[in-house]
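# A closer look at the structure
Residue strings, one per chain:
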Amino acid sequence: MTTMTAQTTQVYSLFIRATPEQIWEAITKPEFTAKYFYGSHVDSTFAPGSPFNSWSPDHSQLWVDGVIEEAEPPTKLSHTWRALYDEEAAAEEFSRVTWEIEPADGGVSKLTVVHDRLEGAPKTAASVAGGWMYILSGLKTLLETGEPLAG
């Protein structure tokens, strides 16, 4: 897995023993995101222009909001991102998260997550620099073993 720290563009790449369709489902279905994304429940139709929301486990708080910019199942998803779980980050400009999924040999797929447009969101950049590695490790573990990384 590769990473960049709190930069204005952060890039993370990893190989997962899963099909692009399985990875797509894991990043777009709340029953999966709840198991590796800090308990959050993603909520969107994933049609370009539609809202992208991520809710707390009990749906009492909206943690992240944004808009779907591009969706090409099962190979690419791009959406804006504003972290609402932190008051300072919530006041920042929207950034963008792009998920690119490529099939590879031997039943493996490459997932690359690019979090960019962070120039106007330094608090968000610092926050997600520590979080994406944990989230993506949890996604990989869940897809490869059927079990969450942490309880």
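In what follows, the structure referred to is the one given above.
Here we summarise the structure given alongside this text.

Basis of the calculations
Residues numbered from 1 in each chain as written. Predicted model: local features only at pLDDT ≥ 70, side-chain atom pairs only at ≥ 80, totals over all residues. Heavy atoms only, no water. Pairing = 2+ DSSP bridges. Helix = DSSP H or I, 4+ residues; strand = E, 2+ residues; numbered from the N terminus. Axes fitted to C-alpha atoms, helices over the stretch in contact; angles between N-to-C directions. Contact = heavy atoms within 4.5 Å. 1 Å grid on protein atoms, 1.4 Å probe; cavity = no way out; pocket = protein on both sides within 12 Å on 5 of 7 lines; lining within 4 Å. Points joined across faces, edges and corners; volume = space filled by probe spheres on them. Nonpolar A, V, L, I, M, F, W, Y, C, P; charged D, E, K, R; others polar.

### Looking at the sheet that holds strand β3 (residues 51–55)
The strand order β1-β7-β6-β5-β4-β3-β2 describes an open sheet built from 7 strands, whose pairing is antiparallel. The sheet is open, and its two edges are formed by β1 (10–16) and β2 (41–43), each paired on a single side. Each strand of the sheet is rotated relative to its neighbour by a mean of 20°, with strand direction disregarded. The pairing of strand β6 (residues 95–103) with strand β7 (residues 109–116) spans 8 bridges and is antiparallel. Its bridge partner being in β7, Trp 99 is matched across the sheet by Val 113. With respect to the sheet, helix α1 (residues 20–28) is in contact with β1, β2, β4 (62–72), β5 (76–83), β6 and β7, its orientation differing from that of β6 by roughly 155°. Helix α4 (residues 122–145) contacts β1, β5, β6 and β7 of the sheet and is inclined by roughly 10° relative to β1.

### Quick notes on empty space enclosed by the protein
Evaluation of the coordinates by the stated rule reveals 1 cavity of 30 Å³ or more. By volume, the largest cavity amounts to about 70 Å³. Residue lining of the largest cavity: Ile 27, Thr 33, Tyr 36, Phe 37, Ser 40, Val 42, Phe 52, Ser 54, Trp 81 and Trp 99, and that is the complete set. Breaking the lining of the largest cavity down by element, the ones donating at least two residues are α2 (30–36) and β3. Each residue belonging to the lining of the largest cavity can be placed in one class, and the counts come to 7 nonpolar, 3 polar and no charged.

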